[in-house]
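Structure assessment
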Amino acid sequence: MPSRAGRLLRLTLGGFSGVLAGGCALGVAELAAAFVGEQAGPVTAVGGAVIDRTPTPVKVWAVQTFGTDDKLVLRLGILLTLTLFALALGMTALRHRRVGAAGVLVFGLIGAGAAASRPMARWIDVLPSLGAAALGAIVLYVLTGQLTSGGRHLGAGAEALTEGPAGPASSAAAEDESGAVGTQPTAAGTESTAGTPPYGAAGSFDRRGFVLTAGAVGVASAASGWFGRRLDLTSADAVAAREAVTLPAPGSRAAPVPSGVHPRVRGLSPFFTANRDFYRVDTALAVPKVDPDGWRLRLHGKGVSEPRTFGFRELLERDLIERDITLTCVSNEVGGEYVSTARWLGVPLGPLLRAAGVRPPSEGGPADQLVARSVDGMTLGSPVEVVLDGRDAMLAVGMNGQPLPFRHGFPVRMLVPGLYGYVSACKWLQELELTTFRDYDTYWTKRDWAARAPVKTQSRIDTPKPFDNPKAGTVPVAGVAWAQHTGIERVEVRVDDGAWQRAELAPVPSQDTWRQWVWQWPATPGSHTLQVRATDRDGNTQTARRAGTVPDGATGRHQVVVDVR
Ligand SMILES: Nc1nc2c(c(=O)[nH]1)N[C@H]1C(S)=C(S)[C@@H](COP(=O)(O)O)O[C@H]1N2
Ligand SMILES: [Mo]
């Protein structure tokens, strides 16, 4: 029997070898993905596959718990899982080197399978996973070979380079435990099987070879991973092309923004959300970086008399509109952050569709659903009737004076004021198809979400924040309210179970943006609950009934508890 310390060391080094082999595979895969495309990296590919297969309740929980960090948490979760399996494979490889190596290959196959199953996969996307796994398997095989070689080839090398079984300390330890000197094959030793060397002492392996190989592999893997993450050769053209875009002036400017659109209350959101602060919701682990030069938008389907494609430059040459629009996600919880406002520049979508022969159902058109498809295979469906009812639905190319950021859909995204993002705001758009709700279910409607989802009238208290301790006296309570394309008529606040008090409404440039509001609260000491409710221009007051985000948006009133000093 080997000593307990020896066994522990052996297992530790085996596990370490597994993790090193796995890390090597991931590092090399990242480097390969720099040449092939970020989406082909195994963690990104597996993450994408996991996102697409996650049941809606789990997704809702993840968004609630981790917010915009959900993607980071997913990546870390995958890495943790891989680490655990790599540990196990490394320990397995101590006894069964081929099995361990084969296990690494299996993970490569999983990565390759995930990459190949992505909606827009190309065959080369499997290469980073497969190549890297092959290398990882070799690394594991070699490292565990060095770990197990000590017993087999206890030649001069081992004697010179390790404490050696002949050394006084280890032979004493070995004799203590097993009565057998570690160098001799122990016929009675339970650990000893054919081809597996005995471990009499902790030091009996090719220590120098192992350390050298492990060090070299570790450094090379870290370097290739680091370079791979930074290199990103496939998106250089897109980045350069985006920087070269000059947005034309709009033919129709946004309505003037009234002064006082943003009451100057500390803690109240700015009226316009800066691009870097604009909320982001999508399923893309690797943000698509589309080169507009090769990009085409295809328009076709039921009732399209003139199917056609558009290039990016062609779209920019059309008459553009500039509009201020607030976008909201259906996953926004009451009081949540998934709502933002920007100044958008784009091609009016209604006229573009009508010019291609599209008519709404109310005018006898055969299609009631407009399906937008993105370069990453996402599908979103909007009612044709709504898109053509005269509102400022657009193919946006500009956001707050900039070409769309990659995260927000460069080169072109869709927007329809009044509809939640998942049924209107397709980013990285590449196809518009006229069809029916009966014939086609989109990505989200296949996953428990409603096919039709107008934005629900909502309001949020931005200040005070929960558990703030304002001083007694006049405390400004302020926030935002939205009912895109209908408009906000009234916002009311109440303290505890008191009467509803009318907040002062800031002016707005249009009904398509949120509206800011302030109420001066004569605050008295003690703990108080502030509550807000909005009424839209159709006369609908927000319900107090709480509903979750699935299937068509949360309801209920935002409340904030504060402790007045
Ligand atoms: N291609 C693509 N477009 C997409 C999505 C997506 O996952 N993929 N998410 C949609 C959802 S759910 C919302 S709320 C908006 C969010 O847009 P933003 O990230 O620019 O705020 O984009 C929509 N467009
Ligand atoms: Mo969304």
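Here the structure is shown first, and the text comes after it.
The model shown is predicted, which means the values in this text are computed figures rather than measured ones.

1. Things to note about the overall build of the protein chain
Helix and strand content of the protein chain: 13 helices and 18 strands. Across the 565 residues in the protein chain, those meeting the buried criterion constitute 53%. For the protein chain, the proportion of contacts with a sequence separation of at least 24, taken over those separated by at least 6, is 76%. Accessible surface for the protein chain amounts to roughly 24,900 Å². Of this, 57% is attributable to carbon and sulfur atoms.

2. Thoughts on the sheet that holds strand β18 (residues 559-564)
Spatially, the four strands line up as an open sheet ordered β14-β13-β17-β18, and their pairing is antiparallel. At either end of the open sheet lies a strand with only one pairing partner, and these are β14 (501-502) and β18. Where strand β13 (residues 488-495) lies against β14, two bridges are found, and the strand directions are antiparallel. The partner of E492 across the bridge, within β14, is R502.

3. Section: the pattern of salt bridges
Here the structure, examined in full by the defined rule, presents 22 salt bridges. E30 serves as the salt-bridge partner of R229, at 3.5 Å between the closest nitrogen and oxygen. Taken as a pair, R229 in helix α9 (residues 207-231) and E30 in helix α1 (residues 4-36) lie far apart in primary sequence, 199 residues in all. Owing to a relative accessible area of 15%, E30 belongs among the buried residues under this scheme. R122 is paired through a salt bridge with D125; the nearest N and O atoms lie 2.8 Å apart. Each of K71, R280, D282 and K427 takes part in salt bridges that share partners, so that together they form one network.

4. Notes on the nonpolar core
Membership of the largest hydrophobic core comes to 79 residues, with the highest contact counts inside it found for W344, L349, L353, L395 and L432. Lining this core are residues from two domains, each supplying at least three of them: domain 2 (296-447) and domain 3 (458-564). When sequence neighbours within four positions are dropped, the list of residues in contact with L432 reads L297, R298, L299, H300, L349, L370, V371, A372, L395 and M414. Membership of the second largest hydrophobic core comes to 20 residues, among which are V475, A483, W517 and V532.

5. Observations concerning the side chain of Q542
In this fold, Q542 is placed in the loop between β17 (526-536) and β18. Exposure remark for Q542: the relative accessible area of 5% places this residue in the buried category. In this structure the side chain of Q542 is engaged in a polar contact, spanning 3.1 Å, whose partner is the backbone oxygen of G556. When residues no more than four places from it in sequence are discounted, the contact partners of Q542 are T457, Q458, S459, V532, R533, A534, G556 and R557.

6. Here we look at the site of ligand 1
Close to ligand 1 lie 20 residues; Y279, D282, H408, R413 and K427 are nearest. In the environment of ligand 1, a nitrogen atom lies 3.4 Å from a nitrogen or oxygen atom belonging to the side chain of D376. Here K427 contributes a side-chain N or O atom positioned 2.5 Å from an oxygen atom of ligand 1. For ligand 1, whose accessible area on its own is 530 Å², the fraction buried by protein is 99%.

7. As for the environment of F467
Summarising the element assignment, F467 is placed in the loop between β11 (458-463) and β12 (473-482). Sequence separation between F467 and V562 is 95 residues, and the spatial gap between their C-alpha atoms is 4.6 Å. Leave out the neighbours within four places in its chain, and F467 touches V561 and V562.

8. Thoughts on the packing of α1 against helix α4 (residues 70-95)
Relative to each other, α1 and α4 sit at 130°, their axes nearing to 7 Å. The orientation of α1 relative to α4 falls into the category oblique. Here the hand of the crossing between α1 and α4 comes out right-handed. Together, R10, L11, G14, G15, G18, V19 and L26 of α1 and L79, L82, T83, A86, L87, G90, M91, L94 and R95 of α4 make up the contact between the two elements. In the contact of α1 with α4, the residues fall into nine nonpolar, five polar and two charged.

Reading guide: rules and limits
Residues numbered from 1 in each chain as written. Chains lettered and ligands numbered in written order. Predicted model: local features only at pLDDT ≥ 70, side-chain atom pairs only at ≥ 80, totals over all residues. Heavy atoms only, no water. Helix = DSSP H or I, 4+ residues; strand = E, 2+ residues; numbered from the N terminus. Buried < 20%, exposed > 50% of the residue type's maximum accessible area, 1.4 Å probe, protein only. Contact = heavy atoms within 4.5 Å. Areas by Shrake-Rupley, 256 points an atom, 1.4 Å probe, with all protein chains shown as cover. Pairing = 2+ DSSP bridges. Salt bridge = Lys/Arg side-chain N within 4 Å of Asp/Glu carboxyl O. Core = buried A, V, L, I, M, F, W, Y, C linked by side-chain atoms within 4.5 Å. Domains from an automatic or database assignment. Polar contact = N/O pair within 3.5 Å; in protein donor to acceptor, adjacent residues only side chain to side chain. Near = heavy atom within 4 Å. Axes fitted to C-alpha atoms, helices over the stretch in contact; angles between N-to-C directions. Parallel < 35°, antiparallel > 145°, perpendicular 65-115°, else oblique. Left-handed = near helix turned anticlockwise from the far one by under 90°. Nonpolar A, V, L, I, M, F, W, Y, C, P; charged D, E, K, R; others polar.

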